[in-house]
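# Breakdown of the fold
In case you want the letters, here they are:
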Amino acid sequence: MRTIVIASGKGGVGKTTFALNISLALGKYGRQVILIDGNFDSPHIGLMLGKSNFEETIISALEGKDITEVVYKHQSGVKVIAGNISLEHRHKKDIPKFNKLIRKLEEYAEALVIDTSSDTADSIEIIKHATDVILITTPDFISVTETLKLMKVIEQNNQKIVGVIVNKYSGKEYDMKIENIQSLIGQKVIGVVPFHKNVMESLKLKYPVVYSHPQSPATEAFEKIACNMIGVEYKKDEPENKTKTAVVMEKVGLKKWYENLMEEDED
Ligand SMILES: Nc1ncnc2c1ncn2[C@@H]1O[C@H](COP(=O)(O)OP(=O)(O)O)[C@@H](O)[C@H]1O
Ligand SMILES: [Mg+2]
């Protein structure tokens, strides 16, 4: 089983967005994936999927519930173990136990994708058991500097980084160039995800962009990265003869409502 840990030296760079969408994209290409919220301070996976009050979370598993019973399947198809957002559960964080528990998912998944916090101590502890470590950075010198710092700590622990993703890339003159980031960090940039409004729109809709906006440039980037990770050929989805709104409405289960609205418009 691959244990893919998503980490960064700085918050807000897109770890959770990446973890969620890469899980979905891997699933689309037939891989059995479970996404786990390993951010005990600010677990956002549930929120991004429109559900803040999961009955069972990773905390339930740490408290003794069978970990296979805290996995939820979201409408988009992604299987998740959410975190608990309430402040009173924060002290229950136990990463060594977390690392041990998730091994039990071996027979249920080909890969675990673990989202982490930007707390270096926490992410280093989770990375100890990773097969793949993916670092997310944005194309600015602050994020790249923090990436370098985290890489140093990872190397000191004799752990291996698979690659770096540059997220929120605009290609504008104020962005660092990809080749400059690559040479500075001495690591392969394995993917570039554009800064795109569809990602913000999907956040509002509470669906991963790969699901809500199948034709988005951001979706294409996530799917290409997923294909690279598993060594399969990327195939772009043929756009159906529908408007973007129709696709989103259908995905969020409002197809009927939308169709009625359109009929009314035509009258
Ligand atoms: N490629 C992107 N384009 C536009 N907005 C993005 C992109 N990636 C992430 N975001 C937005 O940036 C914010 C932080 O992302 P998040 O995944 O929560 O970061 P982290 O988990 O590293 O703190 C969110 O509002 C998210 O929607
Ligand atoms: Mg996050």
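For the structure itself, consult the block above.
My aim in this report is to walk through the structure given alongside it, one point at a time. Not measured: the values here are computed from a predicted model.

## Here we look at the overall build of the protein chain
Looking only at helices and strands, the protein chain has 12 helices and eight strands in total. Within the span of the protein chain, comprising 267 residues, buried residues form 43% of the whole. Looking at the protein chain alone, contacts between residues at least 24 apart form 74% of all its contacts between residues at least 6 apart.

## Notes on the sheet that holds strand β1 (residues 2–7)
An order of β3-β4-β2-β5-β1-β6-β7-β8 is seen for the eight strands of this open sheet, with the pairing classed as mixed. Of all the strands in the sheet, the pair left with one neighbour each is β3 (72–73) and β8 (189–194). Relative to strand β4 (residues 79–81), strand β2 (residues 33–38) runs parallel, the two sharing three bridges. Bridge pairing in β4 places Ile34 opposite Lys79.

## Things to note about the pairing of strand β5 (residues 111–116)
In terms of residue burial, β5 counts as a mostly covered element, since six of its six residues are buried. The alternating pattern of β5 places Ala111, Val113 and Asp115 and Leu112, Ile114 and Thr116 on opposite faces, both of which are buried. Relative to β5, β1 runs parallel, the two sharing five bridges. Paired with Ile4 across the strands is Val113, a residue of β5. Relative to β5, β2 is paired through six bridges, and the arrangement is parallel. If you follow Val33 over to β5, its bridge partner there is Ala111.

## Topic: the nonpolar core
Membership of the largest hydrophobic core comes to 67 residues, with the highest contact counts inside it found for Ile6, Leu35, Leu112 and Val113. It is helix α1 (residues 15–28) that contributes the most residues to this core, seven residues altogether. Apart from residues no more than four positions distant in its own chain, Leu35 is found in contact with Ala19, Leu20, Ser23, Ile45, Val78, Lys79, Val80 and Val113.

What counts, and where the lines are drawn
- All residue numbers refer to position in the chain's written sequence, counted from 1.
- Chains and ligands are labelled sequentially in the order written, the chains with letters from A and the ligands with numbers from 1.
- Where totals are concerned, whole chains, interfaces and linings use all residues; where local detail is concerned, this predicted model gives features only for residues with pLDDT of at least 70, and gives and counts side-chain atom pairs only at 80 or more.
- Helix and strand labels come from DSSP, where a helix needs a run of H or I of at least four residues and a strand needs a run of E of at least two; each type is numbered from the N terminus.
- Exposure classification rests on a simple neighbour count of other C-beta atoms within 10 Å of a residue's own: a residue reaching 20 or more is buried, one at 12 or fewer is exposed, and one in between is partly exposed. C-beta atoms are placed from the backbone.
- C-beta atoms are placed from the backbone for every residue, and two residues are taken to be in contact when these atoms lie within 7 Å.
- Here the rule is simple: two strands pair whenever DSSP picks up at least two bridges between them.
- Each nonpolar core comprises buried Ala, Val, Leu, Ile, Met, Phe, Trp, Tyr and Cys residues, the members being joined through C-beta atoms within 7 Å.

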